[in-house]
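A look at the structure
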Amino acid sequence: MANRDSVTSSECSNDLHGEDDEIMSENGKKTFTFSTFSSEMEENKGDSFTSIEIPGWYCEYSPLWPGETHSLKVEKVLFQGKTQYADVFVFQSSAYGKVLVLDGSLQFTERDGLAYQEMLTHLPLCSIPNPKKVLVIGGGDGGNLLEISRHSSVEQMDICEIDEMVIDIYKQFFPDLAIGYNDPRVRLHVGDGIAFLNSISHGTYDAIILDAFHMMGPAAKQLGDKVFLESVAKALRSGGVLCAPAESIWFEGFNIEETKAKCSQIFKGSVDYAWTTVPTFTSGVIGFMLCSTNGPPVDFKHPATVLDENEVHGVAKRPLQFYNSEIHTAAFCLPSFAKRQELVKAPRLIVDYSL
């Protein structure tokens, strides 16, 4: 899942500390050693970190969503450690299967992660006919690759992930997700995504999927970085498409029309907003911004390619679990308050202590 830098979490309980852990890469040639979580992590989170200690539970709290937190019961700690770039925590939950947390932000659960993966991939790829070259930036879990593999028209899948150790962790603990790397069309590039974009020829890709950056919305640094988005647009062919995670319709500071307008200034083609439900994501909803470059018009709301939801294609071991053509179209329908750019606010609780 996209990195939510503004979201932080507490450790489940003090008894989760242990000795250094090791993980063997799938080829058996490299062994990585990670330091386990310590109180230093809590101290280094900065002012945005809020400690919520519930023994035996993983708790996630975001200052952007005051007054609420999401908690998952931890049945077993599977891995705790550090890569070169991030703190990693993997555990078995009682309700959502195995869970991976990156830098204090929940990234994936076995139960609901498929909704995010399938929508982030198939909303753009099904919106254009016969995509051939696709780039994924981030997405080290391999889930996007697994979903792209369902498209027989695709000839080349490039993925740029900065943290190779994260890839190995996913292969170790989430093999059914990381199986996406087994597709022979995949080309892995370990390094910085922005640098990779700047190194390729213009018009290289039919579709680009961003799964490594801030949500597109008021807190999105990259949205204000015109140079970055221009690099994405230049890497797309005429009529090529981008899909990136966006803020939830429930986020008070998120203006859909304003975000679409900013994207339109750069991509020059079609721009639209879609959303889906992911229970473990803050607010239970995540959005998607879809943009196309100037060229053949793209009707994001109506799939140009229809996937058979009951068949198994590519390296996938199962049929689609969430996405279908009806869900595709419905994802662009907004509730009335979002159409009006309003937010349904809860009434203030007023307590009269004089009684």
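Provided above is the structure to which this section pertains.
So, here's what we can say about the structure. (Residues numbered from 1 in each chain as written. Predicted model: local features only at pLDDT ≥ 70, side-chain atom pairs only at ≥ 80, totals over all residues. Heavy atoms only, no water.)

**Looking at the overall build of the protein chain**
Quick note on the threshold: Under the DSSP-based scheme used, a helix requires at least four consecutive residues in state H or I and a strand at least two consecutive residues in state E, with every element numbered from the N terminus. When a residue's accessible area, from a 1.4 Å probe over protein chains only, is under 20% of the maximum for its type it is buried; when over 50% it is exposed; and in between it is partly exposed. Should any heavy atoms of two residues lie within 4.5 Å, those residues are counted as being in contact. Where accessible areas are quoted, they stem from the Shrake-Rupley method and a 1.4 Å probe; at the residue level, only the protein chains shown are allowed to cover.
Across its full length, the protein chain carries 11 helices and 15 strands. When burial is assessed residue by residue, the protein chain has 54% of its 355 residues classed as buried. Put simply, of all contacts in the protein chain between residues at least 6 apart along the chain, 69% involve residues at least 24 apart. Of the roughly 16,000 Å² that the protein chain leaves accessible, carbon and sulfur atoms contribute 49%.

**Here we look at the packing of aromatic side chains**
Note the cut-off: Pairing of aromatic side chains requires ring centres within 6.5 Å, counting the rings of Phe and Tyr and the six-membered ring of Trp. Pairs whose planes differ by under 30 degrees are stacked, by over 60 edge-to-face, and all others tilted. Charge over a ring is defined by NZ of Lys or CZ of Arg lying within 6 Å of the ring centre and within 35 degrees of the ring normal.
Enumeration according to the criterion identifies 10 aromatic pairs in this entry. Geometrically, the ring pair formed by Phe79 and Phe173 is tilted, given 6.0 Å between the ring centres and 40 degrees between the ring planes. Remark: Phe173 occurs in helix H4 (residues 164-173) and Phe79 occurs in strand E5 (residues 70-82); sequence separation between them is 94 residues. With respect to class, Phe79 is no different from Phe173; both count as buried. Here a set of aromatic residues connected by ring pairs shows up, and it is made of Tyr58, Phe89 and Phe91. Sitting above the plane of the Tyr96 ring, Arg111 keeps its charged end 5.0 Å from the centroid. For the cation-ring pair, Lys171 lies above Tyr181, with the distance from its terminal atom to the ring centre recorded as 5.1 Å.

**Quick look at the pattern of salt bridges**
Condition: Definition used for salt bridges: Asp or Glu carboxyl oxygen within 4 Å of a side-chain nitrogen of Lys or Arg.
Going through the model one piece at a time under the given rule, you end up with 11 salt bridges. Here Glu110 makes a salt bridge to Lys98, at a shortest N to O gap of 3.9 Å. Separated by 12 residues along the polypeptide, Glu110 in the loop between strand E8 (105-109) and helix H2 (113-125) and Lys98 in strand E7 (residues 98-102) bring together distant segments of the chain. Taking relative accessible area as the criterion, Lys98 reaches 18% and is therefore assigned buried. Taken together, the shared-partner salt bridges in this structure form one network comprising Glu118, Glu147, Arg150 and Arg318.

**Some thoughts on unusual backbone geometry**
You will see that Asp103, though not glycine, has its phi angle at about 50 degrees, which is positive. Examined against the element boundaries, Asp103 turns out to sit in the loop between E7 and E8. Even without a glycine there, the phi angle at Asn130 is positive, about 50 degrees. Structurally, Asn130 can be placed in the loop between H2 and strand E9 (133-138).

**Thoughts on the sheet that holds strand E12 (residues 205-211)**
Applied cut-off: In this scheme, strands are said to pair when DSSP sees at least two bridges between them. For helices, the axis comes from a line fit to the C-alpha atoms of the stretch in contact; other axes are also lines fit to C-alpha atoms, and the angle between any two N-to-C directions lies between 0 and 180 degrees.
Pairing in this open sheet of 7 strands is mixed, and the strands run E11-E10-E9-E12-E13-E15-E14 from one edge to the other. Edge positions in the sheet fall to strand E11 (186-190) and strand E14 (268-277), since each has one partner strand and no second. Taking the axes of each pair of neighbouring strands and ignoring which way they run, one obtains an average angle of 15 degrees across the sheet. Note that E9 and E12 share 5 bridges and pair parallel. Residue Val134 lies in a different strand from E12, and its bridge partner there is Ala207. Of the strands in this sheet, strand E13 (236-246), E14 and strand E15 (285-293) touch helix H9 (residues 256-267), which is tilted by about 140 degrees from E14.

**Focus: a negative patch on the surface**
The criterion, for reference: Patches here are clusters of residues that have more than 30% relative accessible area and form no salt bridge, with a 9 Å joining cutoff for like charges and a 5 Å cutoff for nonpolar side chains (Val, Leu, Ile, Met, Phe, Trp, Tyr). Positive charges come from Lys and Arg alone, negative charges from Asp and Glu alone, with His and the N- and C-terminal ends not counted. For this purpose, a charge sits on NZ of Lys, CZ of Arg, CG of Asp or CD of Glu.
A surface patch of like charges, here negative, comprises Asp308, Glu309, Glu311 and Glu326. For Glu326, the position within the fold is in helix H10 (residues 325-330). Residue Glu326 is classed as exposed on the basis of its relative accessible area of 55%.

**With respect to the state of the cysteines**
The condition that has to hold: For the purposes of this analysis, a disulfide is any pair of cysteine sulfur atoms at a distance within 2.5 Å.
By the definition in use, this model includes 0 disulfides. With no disulfide of its own, Cys263 lies 4.0 Å from the sulfur of Cys291, the closest cysteine sulfur.

**With respect to the pairing of strand E10 (residues 156-161)**
Along E10, 6 of the 6 residues are buried, which leaves the element largely enclosed by surrounding structure. The alternating pattern of E10 places Gln156, Asp158 and Cys160 and Met157, Ile159 and Glu161 on opposite faces, both of which are buried. When E9 meets E10, the two strands line up parallel, connected through 5 bridges. Looking at the pairing, Leu135 lines up with Asp158 of E10.

**Some thoughts on the side chain of Thr293**
What counts, and what does not: Polar contact is the term for a pair of N or O atoms within 3.5 Å; when the atoms are in protein, one must be able to donate a hydrogen and the other to accept it, and sequence-neighboring residues count only if both atoms are side-chain atoms.
By secondary structure assignment, the location of Thr293 is in strand E15. Among the polar contacts listed, one links the side chain of Thr293 to the backbone oxygen of Arg237, at a separation of 2.6 Å. For Thr293, the side chain forms a polar contact with the main-chain nitrogen of Gly239, separated by 2.9 Å. If we skip the residues at most four places from it in the chain, Thr293 touches Ala233, Leu236, Arg237, Ser238, Gly239, Gly240, Phe267 and Gly269.

**Concerning H4**
Within H4 the residues assigned to the buried category are Val166, Ile167, Asp168, Ile169, Tyr170 and Phe173. Put simply, Asp163 is the residue that caps the front of H4, since its side-chain oxygen is 3.2 Å from the backbone nitrogen of Met165.

**Thoughts on the environment of Asn294**
Mapped onto the elements, Asn294 comes out in the loop between E15 and H10. Owing to a relative accessible area of 55%, Asn294 belongs among the exposed residues under this scheme. C-alpha of Asn294 to C-alpha of Ile266: the two residues are 28 residues apart in sequence and 9.6 Å apart in space. Residues in contact with Asn294, not counting those within four places in the same chain, are Ser238, Gly239, Phe267, Lys268 and Gly269.

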